Amino acid sequence: MKIKNGFVIEKVGTSYLAVAVGKRAAEFSNMVRLNSTGAFLWNCLSESELTREELLDKVLSTYDVAREAALADIIAFEKILSDNGILE
């Protein structure tokens with residue numbers, strides 16, 4: 001999975017906002033609000049195409065979190081992005 005081209009993320013206060021820019025803004029006029037972990041996931045998926053397992057490995061090597069909890073959060077994050085047409 002990978003973030004489609006035409007989306008950017010910006011830090012606003014303590015949150016991060018993901019928005020569409022350019023031509024992509026005509027298709028997606030909403031914003032996705034993320035915490036720092038969501039921003040980490042977003043940045044990983046913006047840089048390269050990753051499988052769920054590869055993304056999980058990155059989370060586990062960066063954060064002190066249980067594997068099951070990390071996987072559940074990744075699946076929830078993936079669903080939000082997928083439901084909003086943000087993933088390739």
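It should be emphasised that the depicted structure is a prediction, and the values quoted were computed from it without experimental measurement.

*Asks:* For the sheet that holds strand E2 (residues 15-20), give the residues involved together with the corresponding values.
*Replies:* The strand order across the open sheet formed by three strands is E1-E2-E3, and the pairing between neighbours is antiparallel. Every other strand in the sheet has two partners, leaving strand E1 (7-12) and strand E3 (31-34) as the edge strands with one partner each. In this sheet, adjacent strand axes meet at a mean angle of 25 degrees when their direction is disregarded. In the packing of helix H1 (residues 36-47) onto the sheet, the strands contacted are E1, E2 and E3, and the crossing angle to E1 comes to about 155 degrees.

*Asks:* Tell me about the nonpolar core, residues and numbers included.
*Replies:* Core analysis: the largest hydrophobic core is formed by 24 residues, its most contacted members being Ile 3, Trp 42, Leu 45, Leu 55, Leu 81 and Ile 86. Put simply, the parts of the chain that give this core at least two residues each are E1, E2, E3, H1, helix H2 (52-62) and helix H3 (67-83). The biggest single contributor to this core is H1, with five residues. Once you skip the residues sitting within four places of it in the chain, Leu 45 turns out to touch Met 1, Lys 2, Ile 3, Leu 50, Leu 55, Phe 77, Leu 81 and Leu 87.

*Asks:* So what about the layout of surface pockets? Which residues, and what values?
*Replies:* Within this model, the largest pocket holds a volume of roughly 170 Å³. Forming the boundary of the largest pocket are Val 32, Arg 33, Leu 34, Asn 35, Thr 37, Gly 38, Leu 41, Asp 73, Ala 76, Phe 77, Ile 80 and Leu 81. Secondary structure elements with two or more residues in the lining of the largest pocket: E3, H1 and H3. Ranked by residues supplied to the lining of the largest pocket, first place goes to H3 with five residues. For the lining of the largest pocket, the per-class residue count stands at seven nonpolar, three polar and two charged.

*Asks:* Break down the environment of Ser 29 for me, with residues and values.
*Replies:* The residue Ser 29 is located in the loop between E2 and E3 in this model. For Ser 29, a relative accessible area of 69% translates into the label exposed. Separated by 21 residues in the primary sequence, Ser 29 and Val 8 place their C-alpha atoms 13 Å from one another.

*Asks:* Describe H2, listing the residues and the values that go with them.
*Replies:* Along H2, the residues that are buried comprise Leu 55, Leu 56 and Val 59. The buried residues of H2 occupy one face: seen down the axis, they fall within an arc of 100 degrees. In this fold, the buried residues of H2 make contact with H1 and H3.

What counts, and where the lines are drawn
Residues numbered from 1 in each chain as written. Predicted model: local features only at pLDDT ≥ 70, side-chain atom pairs only at ≥ 80, totals over all residues. Heavy atoms only, no water. Pairing = 2+ DSSP bridges. Helix = DSSP H or I, 4+ residues; strand = E, 2+ residues; numbered from the N terminus. Axes fitted to C-alpha atoms, helices over the stretch in contact; angles between N-to-C directions. Contact = heavy atoms within 4.5 Å. Core = buried A, V, L, I, M, F, W, Y, C linked by side-chain atoms within 4.5 Å. Buried < 20%, exposed > 50% of the residue type's maximum accessible area, 1.4 Å probe, protein only. 1 Å grid on protein atoms, 1.4 Å probe; cavity = no way out; pocket = protein on both sides within 12 Å on 5 of 7 lines; lining within 4 Å. Points joined across faces, edges and corners; volume = space filled by probe spheres on them. Nonpolar A, V, L, I, M, F, W, Y, C, P; charged D, E, K, R; others polar. Arc of directions from axis to C-beta.

Geometry only, nothing functional implied.
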